[in-house]
Amino acid sequence: DAGVIQSPRHEVTEMGQEVTLRCKPISGHDYLFWYRQTMMRGLELLIYFNNNVPIDDSGMPEDRFSAKMPNASFSTLKIQPSEPRDSAVYFCASRAQDGGGYTFGSGTRLTVV
Amino acid sequence: AQSVTQLGSHVSVSEGALVLLRCNYSSSVPPYLFWYVQYPNQGLQLLLKYTTGATLVKGINGFEAEFKKSETSFHLTKPSAHMSDAAEYFCAVSPGQKVTFGTGTKLQVIP
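The following refers to the structure shown. (Residues numbered from 1 in each chain as written. Chains lettered and ligands numbered in written order. Predicted model: local features only at pLDDT ≥ 70, side-chain atom pairs only at ≥ 80, totals over all residues. Heavy atoms only, no water.)

**What to know about the pairing of strand β3 (residues 19-24) of chain A**
Residues and elements named next belong to chain A.
Turning to step 1, where the next piece is worked out: Strand direction decides the pairing type here: strand β1 (residues 5-7) and β3, joined by three bridges, are antiparallel. Note on β3: the bridge partner recorded for glutamine 6 is cysteine 23.
Turning to step 2, where the next piece is worked out: Two elements, β3 and strand β8 (residues 74-79), share five bridges in a ladder whose sense is antiparallel. In the sheet register, leucine 21 faces β8, and the bridge partner there is leucine 77. (Pairing = 2+ DSSP bridges. Helix = DSSP H or I, 4+ residues; strand = E, 2+ residues; numbered from the N terminus.)

**Things to note about the nonpolar core**
Turning to step 1, where the next piece is worked out: Residues Trp35(B), Leu48(B), Leu76(B) and Tyr89(B) are the most contacted members of the largest nonpolar core, which totals 26 residues.
Turning to step 2, where the next piece is worked out: Elements supplying a minimum of two residues to this core: β2 (10-14), β3 (19-26), β4 (32-38), β5 (44-50), β7 (64-68), β8 (73-78), β9 (87-94) and β11 (105-110) of chain B.
Turning to step 3, where the next piece is worked out: Of all hydrophobic cores here, the second largest spans 21 residues; its members include Ile47(A), Phe65(A), Ala67(A) and Ile79(A). (Core = buried A, V, L, I, M, F, W, Y, C linked by side-chain atoms within 4.5 Å. Buried < 20%, exposed > 50% of the residue type's maximum accessible area, 1.4 Å probe, protein only.)

**Digging into the sheet that holds β3(B)**
Residue and element names in this part refer to chain B.
Turning to step 1, where the next piece is worked out: Read across the open sheet, the five strands follow the order β1-β3-β8-β7-β6; overall the sheet is antiparallel. With one partner strand each, in any of the chains shown, β1 (3-7) and β6 (56-58) form the two edges of the open sheet. Taken over all neighbouring pairs, the strand axes of this sheet differ in orientation by 20° on average, direction set aside.
Turning to step 2, where the next piece is worked out: As paired elements, β3 and β8 share four bridges and run antiparallel to each other. The residue of β8 that forms the bridge with leucine 20 is threonine 77. (Axes fitted to C-alpha atoms, helices over the stretch in contact; angles between N-to-C directions.)

Okay, here's the thing in structure tokens:
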């Protein structure tokens, strides 16, 4: 398996623009998680899905953030409009039903200027 | 609610010395516990996990951790540090579906 695949690896955008981050989880994993990592806050859980259904989005910072999982092999995290304080590394992770550890993607480094 | 405390944001050891990274957790239910490693510009990689059963857990790269319920601890150890162990290490706890991560400990290995 190729692991969890995220794209793009790096994104630089201007404030106010829409940004879309993409994730392909490991085939057969029922859970998908979006995390944000910053120096100040560490790893923050934004949202997670089970069988494509959003279960907990309490970590989503505000209405500018939205996430979807239209099918078992694809998820997006969208920021509209983006702001400089959104600059961070965004990780996607997936997990099987059995409660084992996550498998993380390589992350998307987002810079909003 | 669950939480994780990692003692020491930076730890330095000499090459060949013992590595000890400390983690204490709180959880209202029996937890699953994890250690992850993150190399620069990469995602987190699972080192080892404790779910049930044997309290001494062996992971990859020679690391191991011991679950001590009485101390609510899950410290990570490696008998002999290697230069390639330099990275950031995260302890995590999961009593359910969500995983809560600690703030991380950066390990420096001095030649």
